[in-house]
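Below, each chain spelled out in residue letters.
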Amino acid sequence: MGELPLSRLRDLESAVIERIEIQGRIKRRLVEMGITPGTRVEITKRAPLGDPIEISLRGYELTIRAEDADGIWVSRAGGKGQ
């Protein structure tokens, strides 16, 4: 299926993180929160205007800005996530 930005997934759709194309402090914080390549994530809900986005990963919920989700590339294909 190829890769796409996390922000393009539909609600309740899951995928595996392939790469993070964000630089600096924001990338470091996202990695510290568990957003790393190979991790399975699911869009759980969005704010009424689409920003922010709530995702589920590694057994917890995390809310991120849609702008940051644009820089997280995922693949719908893949095996079991972490």
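Right above here is the structure, for reference.
Residues numbered from 1 in each chain as written. Predicted model: local features only at pLDDT ≥ 70, side-chain atom pairs only at ≥ 80, totals over all residues. Heavy atoms only, no water.

What the protein chain contains, in helices and strands, is 2 helices and 6 strands. The dimensions of the protein chain, computed from C-alpha atoms along their principal axes, are 30 × 30 × 25 Å. The buried share among the 82 residues of the protein chain stands at 38%. Counted over contacts in the protein chain with a minimum sequence separation of 6, partners at least 24 positions apart contribute 63%. Carbon and sulfur atoms form 50% of the exposed surface of the protein chain, whose accessible area is close to 4,900 Å². Charged side chains in the protein chain number 14 positive and 13 negative. The centres of these two groups are separated by 3 Å. (Helix = DSSP H or I, 4+ residues; strand = E, 2+ residues; numbered from the N terminus. Buried < 20%, exposed > 50% of the residue type's maximum accessible area, 1.4 Å probe, protein only. Contact = heavy atoms within 4.5 Å. Areas by Shrake-Rupley, 256 points an atom, 1.4 Å probe, with all protein chains shown as cover. Lys, Arg positive; Asp, Glu negative; His and termini not counted. Charge placed at Lys NZ, Arg CZ, Asp CG, Glu CD.)

Sheet topology places strand β2 (residues 14-20) next to strand β3 (residues 40-46); 3 bridges connect them, and they run antiparallel. Across the sheet, residue Val-16 finds its bridge partner in β3, namely Arg-40. Taken together, the 4 bridges between β2 and strand β6 (residues 72-75) define a ladder with antiparallel strand orientation. Paired with Ile-20 across the bridge in β6 is Ile-72. (Pairing = 2+ DSSP bridges.)

A separate point is the nonpolar core. Core analysis: the largest hydrophobic core is formed by 20 residues, its most contacted members being Leu-6, Ile-35, Ile-55, Ile-64, Ile-72 and Val-74. Those elements that place two or more of their residues in this core are β2, β3, β4 (53-57), β5 (60-64), α2 (66-69) and β6. Filtering out sequence-adjacent residues up to four positions away, Leu-6 remains in contact with Val-41, Ile-43, Ile-55, Ile-64, Ala-69, Ile-72 and Val-74. (Core = buried A, V, L, I, M, F, W, Y, C linked by side-chain atoms within 4.5 Å.)

Note that side chains of opposite charge can pair when their charged atoms are close. Inspection of the entire model under this criterion finds 7 salt bridges. Close ionic contact of Arg-19 with Glu-3 constitutes a salt bridge, the shortest N to O distance being 1.8 Å. Of the two residues, Arg-19 sits in strand β2 while Glu-3 sits in strand β1 (residues 3-5), which places them 16 residues apart along the sequence. Residue class for Glu-3 comes out partly exposed when judged on its relative accessible area of 38%. (Salt bridge = Lys/Arg side-chain N within 4 Å of Asp/Glu carboxyl O.)

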